[in-house]
Amino acid sequence: MTSLLLICMTSKAQIDTEFWFAAPDNYNWITTGNYFPDKPLYLRFTAYESAANIQVYQPANPSFAPIYIQVPSNGFQSIDLTPFFNVIETAPVDSIVPFGLKIVSDSPVSVYFENAGAVATAIYTLKGRNALGTEFLIPQQSEFMNSNFSPYIDKLKNSIVVLATQPNTMVKIVPSKNCEAGHMAGDTIVLFMDAGESYNVKALSVSGWAHLDGSWVFSDKPIVVTSHEEGIFITKEEHYGDQMIPNDKADTAFVFVHTDFLAPWEMVYLYAPNNNTEIYHGNNPVPIATIQRGEYYRLDMYDSAYYIHSSKPLLAYHLGLIEWTGGTDMVPGLYCHGSKKVSIYRTVMANPFNLFLKFKMFIVVKTGFEDSFTLNGNPTLLPSNMFRPVQGTNGEWMYGLFEFPTTVIPEGSVAIVSNSEGSFLIGVNFGGSDIGAKFGYFSGYSTINLGPDRFLCTNGSLTLDAGYGQSSYLWNTGQTTQLITVSDTGNYWVTVNTGSCTASDTIHISHTPSAPPNLGPDRIACEGTPIILDGGEGFVQYNWSTGQNTRFITVTNSGNYNLEVTDLHGCQFNDSVLLQAQQSPTPIPIFHH
């Protein structure tokens with residue numbers, strides 16, 4: 001197991017080189033016209049200083065051909081997943097399916113998944129390694145019900161999607177409310193899943209009180225979880241949701257910014273993974289609430305910004321609005337979080353009626369750094385006089401709320417926000433009334449995470465990654481780079497610094513326990529006699545020179561038969577055997593006199 005020491009947490013979660021994601025399932029409630037609530041589907045990528053070569057594949061679905069793209073330096077690129085719609089969304093409900101996505105890049109990128117439907121829309125910001133965990137408390141809003149008009153009565157419901165990232169993973173889901181397929185509130189759903197397999201549990205009812213907020217998900221190996229609220233109705237149908245963060249990424253201090261004052265209020269749901277969690281507003285010494293494990297406090301936001309802190313860590317889930325259409329996202333904590341540079345792709349929204357579109361950007365930064373911003377290299381677009389003190393922080397924090405027309409940030413372009421002095425938190429909320437809103441936080445979460453303990457293949461090497469964007473790195477090997485390559489077993493640890501924040505993590509590397517396959521000695525057999533070759537047990541993939549992919553094959557012809565196998569840890573082994581088929585001797589007749 002990895003060990004984690006956090007003096008103060010520091011890493012850049014939503015900028016990473018590896019991501020996992022399982023897409024939720026949406027009901028297609030419109031059957032005419034060209035406007036759909038469940039498509040098109042996209043992955044949106046933005047790169048940073050280095051161009052990025054990206055692979056997207058499904059580890060559990062070999063029939064899905066990997067997709068390769070290149071994103072230019074400081075540029076963007078998209079993958080249209082709509083043609084693969086039937087093997088992207090996690091469906092049917094209550095079934096383990098091989099539809100989980102793994103995204104690997106050779107340079108740091110930001111990624112979000114977009115449901116770009118003209119009827120209902122949403123984005124899910126992917127959180128890289130900081131989405132991985134073994135215990136999750138699920139936040140969802142419960143005030144607004146799923147839309148329930150004809151012809152989709154009782155069809156649009158909230159769901160939780162889990163995705164295994166390692167083989168032989170046991171997952172336990174404890175839903176807070178009754179679910180489809182006969183799962184009752186408080187039951188434990190036990191699943192055994194392999195890497196890349198996903199599973200979808202869905203609420204039984206469309207009512208707000210029946211949503212799955214407060215559900216729990218546990219696992220014995222790292223997984224990722226998607227929370228999805230389908231067709232939530234305020235004044236129109238909207239999809240809400242996000243990729244979750246595990247409970248060990250919860251935090252004790254937050255600033256929340258009200259993003260659009262044409263909506264009279266916004267909401268933040270604060271969930272407690274621990275008992276007796278006291279919640280405070282600003283510098284008031286009296287808690288505004290004390291909640292227990294699994295409970296939440298709803299903060300109704302009428303003012304411009306709120307400073308909230310707590311006695312124990314909280315998970316924060318922000319419902320942001322553009323007028324009366326909205327979206328939701330998990331909120332990074334305040335201290336030792338954030339990024340010095342964030343790249344955000346402004347998607348082209350379906351706008352069949354040519355309505356007015358807003359693009360809101362909100363930023364939280366330490367006082368003194370507000371005059372060091374640039375937007376796409378321009379220092380005048382985020383002026384310091386647009387920042388205001390966050391009340392209750394004794395002048396320590398500032399916030400800014402900005403709105404940009406398409407002449408400044410056109411649809412289909414990238415907004416690159418940088419600060420030359422320090423890290424900041426940033427989110428966007430864009431869309432329009434009767435069109436939909438896309439709401440998300442794009443700055444980094446905390447924690448350095450070298451990942452789970454790993455296995456080293458024979459004569460192989462592994463690359464260890466301490467995360468993008470730290471001020472300094474120091475490994476126990478003496479190296480001072482973000483990435484190191486190791487070819488020996490043992491413990492490796494790293495300490496990173498960003499400003500006044502220091503974090504460390506340790507990982508153990510050991511040799512793979514798998515033994516190579518043994519096809520046995522070369523053989524001689526009579527021509528036409530079937531010979532069974534056994535590739536051995538315990539491998540996840542078999543590739544024979546005959547083109548077959550099973551453990552056992554039956555052969556009858558002479559020749560060399562080669563086998564390549566892959567074990568649970570990705571290590572590959574080879575063996576071969578020579579078969580000589582000889583003709584049976586011609587029988588000699590014997591005559592009896």
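How each quantity is defined
Residues numbered from 1 in each chain as written. Predicted model: local features only at pLDDT ≥ 70, side-chain atom pairs only at ≥ 80, totals over all residues. Heavy atoms only, no water. Helix = DSSP H or I, 4+ residues; strand = E, 2+ residues; numbered from the N terminus. Rg over C-alpha atoms; globule rule 2.2 N^0.38 Å. Buried < 20%, exposed > 50% of the residue type's maximum accessible area, 1.4 Å probe, protein only. Areas by Shrake-Rupley, 256 points an atom, 1.4 Å probe, with all protein chains shown as cover. Pairing = 2+ DSSP bridges. Disulfide = S-S within 2.5 Å. pLDDT = per-residue confidence, 0-100. Contact = heavy atoms within 4.5 Å. Core = buried A, V, L, I, M, F, W, Y, C linked by side-chain atoms within 4.5 Å. Salt bridge = Lys/Arg side-chain N within 4 Å of Asp/Glu carboxyl O. Axes fitted to C-alpha atoms, helices over the stretch in contact; angles between N-to-C directions.

**Overview of the overall build of the protein chain**
Alright, step 1. For the protein chain, the count of helices and strands is zero helices and 42 strands.
Alright, step 2. Over its C-alpha trace the protein chain gives a radius of gyration of 27 Å, about what one expects of a compact globule, namely 25 Å for 593 residues.
Alright, step 3. Here the protein chain holds 593 residues, and 55% of them are scored as buried.
Alright, step 4. Accessible surface, the protein chain as shown: approximately 23,600 Å² in total, 53% of it carbon and sulfur.

**Describing the pairing of strand β40 (residues 552-555)**
Alright, step 1. Where burial is concerned, the two faces of β40 differ: the one with I553 and V555 is buried and the one with F552 and T554 is not.
Alright, step 2. Here strand β38 (residues 531-534) pairs with β40 via four bridges, running antiparallel. Note on β40: the bridge partner recorded for L533 is I553.

**Notes on the state of the cysteines**
In a disulfide, the sulfur atoms of two cysteines are held together by a covalent bond.
Alright, step 1. Taken as a whole and judged by the stated rule, the model has one disulfide.
Alright, step 2. Two residues share a disulfide in this structure: C457 and C571, whose sulfurs sit 1.9 Å from each other. For the disulfide bridge between C457 and C571, the dihedral angle about the S-S bond is near -95°, and by the sign convention the bridge is left-handed. Taken as a pair, C457 in the loop between β31 (454-456) and β32 (462-465) and C571 in the loop between β41 (559-566) and β42 (572-582) lie far apart in primary sequence, 114 residues in all.
Alright, step 3. We classify C457 as partly exposed; its relative accessible area is 24%.
Alright, step 4. Take C571: its relative accessible area is 1%, and that puts it in the buried class.

**Quick look at the confidence of the model for the protein chain**
Alright, step 1. When pLDDT is averaged along the protein chain, the result is 88, and 91% of the positions lie at 70 or above.
Alright, step 2. Here residues 31-35 is modelled with pLDDT under 50, and outside its nearest four sequence neighbours on either side it reaches four contacts, counting other chains as well.

**Looking at the nonpolar core**
Alright, step 1. Counting 38 residues, the largest nonpolar core has V162, I173, V217 and V225 as the members making the most contacts within it.
Alright, step 2. At the level of secondary structure, the elements contributing two or more residues to this core comprise β9 (133-137), β10 (158-164), β11 (169-174), β12 (189-193), β13 (198-202), β14 (216-233), β17 (266-271) and β21 (305-322).
Alright, step 3. Apart from residues no more than four positions distant in its own chain, V225 is found in contact with F136, I138, I160, V161, V162, V217, D242, Q243 and M244.
Alright, step 4. Judged by nonpolar contacts, the second largest core, of 32 residues, contains Y112, V342, F373 and L382.

**Considering the pattern of salt bridges**
A side chain of one charge can pair with a side chain of the opposite charge when the charged atoms of the two come close.
Alright, step 1. Summed over the entire model, instances satisfying the criterion amount to 19 salt bridges.
Alright, step 2. A salt bridge links E143 to R298, with the shortest nitrogen-to-oxygen separation between them at 3.0 Å. Separated by 155 residues along the polypeptide, E143 in the loop between β9 and β10 and R298 in strand β20 (residues 296-301) bring together distant segments of the chain.
Alright, step 3. When its relative accessible area of 28% is taken as the criterion, R298 is described as partly exposed.
Alright, step 4. Where salt bridges share partners, they join D16, R129 and D465 into one cluster.

**Examining the sheet that holds strand β26 (residues 387-389)**
Alright, step 1. Strand order in this open sheet of five strands is β26-β27-β24-β29-β30, and the pairing throughout is antiparallel. A single partner strand is all that each edge strand has here, and the edge strands are β26 and β30 (436-441). Neighbour to neighbour, the strand axes of the sheet diverge by 15° on average, direction disregarded.
Alright, step 2. Pairing analysis gives seven bridges linking strand β24 (residues 358-366) to strand β27 (residues 397-403), with the strands arranged antiparallel. Note that in β27 the partner of V365 across the bridge is M398.

**With respect to the sheet that holds β41**
Alright, step 1. Taken together, four strands build an open sheet; the order of strands is β37-β42-β41-β39 and the sheet is mixed. Taken across any chain shown, the strands that pair with only one partner, and hence form the sheet edges, are β37 (523-526) and β39 (541-544). On average, adjacent strands in this sheet sit at an angle of 25° to one another, irrespective of strand direction.
Alright, step 2. Strand direction decides the pairing type here: β39 and β41, joined by four bridges, are antiparallel. Considered in β41, the bridge of Q541 is made with T566.

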